[in-house]
Amino acid sequence: MLRHIFTKTPIAWRQLMKDKNCFVIAVAGIAFANILIFSQMGFEASLFDSSTAPHKSLNADLVIVNRYFESIYSVKNFPRRRLYQALGFEGVESVSPLYISPGKWKNPQNLHSQTILVFGTDPRTTAFKSPQINRNISELQKPNTILFDRISLPIFGPIGSLFQQKSTVETELNGLKIRVGGLFSLGASFAAYGNVITSDTTYLHLFPNSSVTKVKLGLVKLKNNANLKQVRHNLEAGLPDDVRIYTVPGFEDAEKAYWAKTTPIGFVFGFGVIIAFIVGTMVVYQIMYSDVATHLPQYATLKAMGYRDRYLIGVLVQESLVLAVFGYIPAFAVSWGIYKLAAYATLLPIYMTVQRSIIVFLLTVTMCLISGLTAIKKLQSADPADVF
């Protein structure tokens, strides 16, 4: 069918070009639908990537959490002794606790308070994989010292530049005077606009209602020859049922599932793709149906000349593919710009990927083909008797 596009008489192309205004409107409608799809998919991916950034940064093979775990941003406590119990299982090399809570950060310039995510860790362990964190982890052994996420949103103040200029930056966190001892890079998310890391001792001072006997996450490192699945199975079977054991990828999947299925924002992004697809399909269908209705006498003439419905359907398919390509190209360019602008404005990980580009193109082709094939009934109603 596609070979007819390149014949001496490309019927599909000439019909589209006969009314250039309708062609431009059709391309604009498809492009608009594609921009919506790109935007929804891009922001959804950004939601998942940013919300699981802390998970990816953990230096662990397995993660122990409360059995009712939903999200790392509202994680519940479990008894710290579960970590010591886990240490007794074969294959487990080390365990370390991690504390997580939202705190109130005071911008040192305008003195405005903003919520920031606080991680508490034992500075004698390596709870994070980041070289930036581990290079400065010894600073956390000093009282009331924190490491600040340099790519937090600007609402917390220009901490990165101030630290590089002065080397000493002081402010308040939960009303406690603290000092910035170093910088690291993690990034903002839809749930946390900024992050800091401190020692477990300082964390307990910042959150006096917390207890040393309760932890948020348990990070488990295995020995080199340990079987990950077997150790996880043993921990699940041997520890009390007040905890749950995740692999790191499973921990990330649980976070994504929470945002996708439990929160309104995850539902909106997913549903937005469906709505954009339907809108684009309806726009193309209206164009294709109108085109068939306008050229019905010509189609009837072709039938009278001996052309079968199969050939005419091929013309509709060609028109659909042409519209898909011409609608996709500007949408891709505009969406690329939207991603760049959104990433700059929000500091969220929004970027174009090859996989998403291919998926949206295939959705565009599918959308146009569905519209073209839906207009076939009108095409089949073309009767040579109506012309002669």
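Calculation notes
- Residues numbered from 1 in each chain as written.
- Predicted model: local features only at pLDDT ≥ 70, side-chain atom pairs only at ≥ 80, totals over all residues.
- Heavy atoms only, no water.
- Helix = DSSP H or I, 4+ residues; strand = E, 2+ residues; numbered from the N terminus.
- Rg over C-alpha atoms; globule rule 2.2 N^0.38 Å.
- Buried < 20%, exposed > 50% of the residue type's maximum accessible area, 1.4 Å probe, protein only.
- Contact = heavy atoms within 4.5 Å.
- Areas by Shrake-Rupley, 256 points an atom, 1.4 Å probe, with all protein chains shown as cover.
- Lys, Arg positive; Asp, Glu negative; His and termini not counted.
- Charge placed at Lys NZ, Arg CZ, Asp CG, Glu CD.
- Salt bridge = Lys/Arg side-chain N within 4 Å of Asp/Glu carboxyl O.
- Pairing = 2+ DSSP bridges.
- Phe/Tyr/Trp six-rings, centres within 6.5 Å; stacked < 30°, edge-to-face > 60°.
- Patch = residues over 30% accessible without salt bridge, like charges linked within 9 Å, V, L, I, M, F, W, Y side chains within 5 Å.
- Arc of directions from axis to C-beta.
- Axes fitted to C-alpha atoms, helices over the stretch in contact; angles between N-to-C directions.
- Parallel < 35°, antiparallel > 145°, perpendicular 65-115°, else oblique.
- Left-handed = near helix turned anticlockwise from the far one by under 90°.
- Expected span 1.5 Å × (residues − 1).
- Polar contact = N/O pair within 3.5 Å; in protein donor to acceptor, adjacent residues only side chain to side chain.
- Core = buried A, V, L, I, M, F, W, Y, C linked by side-chain atoms within 4.5 Å.

Enquirer: Honestly, the overall build of the protein in this entry has me stumped. Any pointers?
Expert: What the protein contains, in helices and strands, is 14 helices and eleven strands. For the protein, the C-alpha radius of gyration of 29 Å lies well beyond 21 Å, the compact-globule estimate for 388 residues. Buried residues in the protein amount to 50% of all 388 residues. Considering only residue pairs separated by 6 or more positions, the protein has 78% of its internal contacts joining residues 24 or more positions apart. For the protein, the exposed surface amounts to about 19,000 Å²; the carbon and sulfur share of it is 59%. Charged side chains in the protein number 37 positive and 24 negative. The centres of these two groups are separated by 3 Å.

Enquirer: I tried to follow the side chain of T198 on my own but got confused; where do I start?
Expert: Residue position: T198 is located in strand β8 (residues 195-199). Given a relative accessible area of 0%, T198 falls into the buried group. Other than its neighbours up to four places away in sequence, T198 contacts V118, F119, G120, T121, L140, T145, I146, Y203 and L206.

Enquirer: Sorry if this is basic, but what is going on with the pattern of salt bridges here?
Expert: Pairing between side chains becomes possible if they bear opposite charge and their charged atoms approach one another. According to the stated counting rule, one finds ten salt bridges in the structure shown. K106 is the salt-bridge partner of E172, the closest N and O atoms lying 3.4 Å from each other. Of this pair, E172 sits in strand β6 (residues 169-173) while K106 sits in strand β3 (residues 92-106); the two residues are 66 residues apart in sequence, bridging distant segments of the chain. What makes K106 partly exposed here is its relative accessible area of 26%. Where E236 meets R232, a salt bridge forms, and the shortest distance between an N and an O atom there is 3.3 Å. Linking E236 with R232, this pair stays in helix α8 (residues 228-238), spanning four residues, or about one helical turn. Look at R232 and you get partly exposed, because its relative accessible area is 28%. By sharing partners, the salt bridges in this structure join E139, K142 and R179 into a single network.

Enquirer: What's the story with the pairing of β6 in this structure? I'm lost.
Expert: Consecutive side chains of a regular strand alternate in pointing toward one face of the sheet and then the other. Side chains V169, T171 and L173 project from β6 onto a buried face, and the interleaved E170 and E172 project onto a face without burial. In this structure, β6 lies alongside strand β7 (residues 176-184), joined through five bridges in antiparallel fashion. Residue pairing in the sheet places E170 in a bridge with R179 of β7. Where β6 hands over to β7, the hairpin turn is made up of two residues, of which N174 adopts a positive phi near 55°.

Enquirer: Would you mind going over the packing of aromatic side chains with me for this structure?
Expert: Think of a pair of aromatic rings as described by two things: how far the centres are apart, and how the planes are tilted against each other in angle. In the structure shown here, the tally under the stated rule is 18 aromatic pairs. With centroids separated by 4.7 Å and ring planes inclined at 35°, the aromatic side chains of Y203 and F207 adopt a geometry described as tilted. The residues Y203 and F207 share a single accessibility class, namely buried. For the ring pair Y258 and W259, a centre distance of 5.6 Å and an interplane angle of 80° mean the geometry is edge-to-face. Residues Y258 and W259 agree in their burial class; the two are buried. Every member of this aromatic cluster is reached through a ring pair, and the members are F38, Y328, F332, W336 and F361.

Enquirer: Teacher, can you tell me more about a nonpolar patch on the surface here?
Expert: Side chains of F32, F267, V268, F271, I274, I275, I278, V279 and M282 sit close together on the surface and give an oily, nonpolar patch of about 830 Å² of accessible area. At eight residues, helix α10 (residues 264-294) tops the list of elements feeding residues into the nonpolar patch. By the secondary structure assignment, V268 is in helix α10.

Enquirer: What is the right way to read helix α6 (residues 159-166) from this model?
Expert: Every α-helix winds through 3.6 residues per turn, so residues three or four apart in the chain are directed the same way. Listed in full, the buried residues belonging to α6 are I159, G160, L162 and F163. Buried residues along α6 cover an arc of 165° about the axis, so they all sit on one side. Along α6, the residues that are exposed and aim more than 90 degrees away from the buried face are Q164 and Q165. In this fold, the buried residues of α6 make contact with β3, β5 (145-149), β6 and β7.

Enquirer: What exactly am I supposed to notice about the packing of α10 against helix α13 (residues 354-374) here?
Expert: Pairs of packed helices are described in terms of their axes, by the angle between the two and the distance that separates them. At a minimum axis distance of 8 Å, the contact between α10 and α13 shows a crossing angle of 40°. Here α10 is positioned oblique relative to α13, judged by the angle of their axes. With respect to the hand of their crossing, α10 and α13 are arranged in right-handed fashion. Together, F277, G280, T281, V284, Y285 and M288 of α10 and L363, T366, M367, C368, I370, S371, G372 and T374 of α13 make up the contact between the two elements.

Enquirer: Looking at this structure, I do not really get helix α9 (residues 248-261). What am I missing?
Expert: Its 14 residues place the ends of α9 20 Å apart at the C-alpha level, agreeing with the 20 Å of an ideal helix rising 1.5 Å per residue. Residues V248, F251, E252, A254, E255, Y258 and W259 constitute the buried set of α9. The arc enclosing the buried residues of α9, seen along the axis, measures out at 155°, which places them on a common side. When the buried face of α9 is taken as reference, the exposed residues oriented beyond 90 degrees from it are P249 and K261. The N-cap of α9, judged by a side-chain oxygen 3.1 Å from the amide nitrogen of G250 a few residues on, is T247.

Enquirer: How should the nonpolar core be read in this particular structure?
Expert: One broad trend across soluble globular proteins is that nonpolar side chains are buried collectively. F23, I30, I37, F38, V284, L323 and V360 are the most contacted members of the largest nonpolar core, which totals 35 residues. Of all the elements, helix α12 (residues 309-346) adds the most residues to this core, at ten residues. With near-sequence residues (within four places) excluded, F23 lies in contact with L16, M17, V322, L323 and F326.

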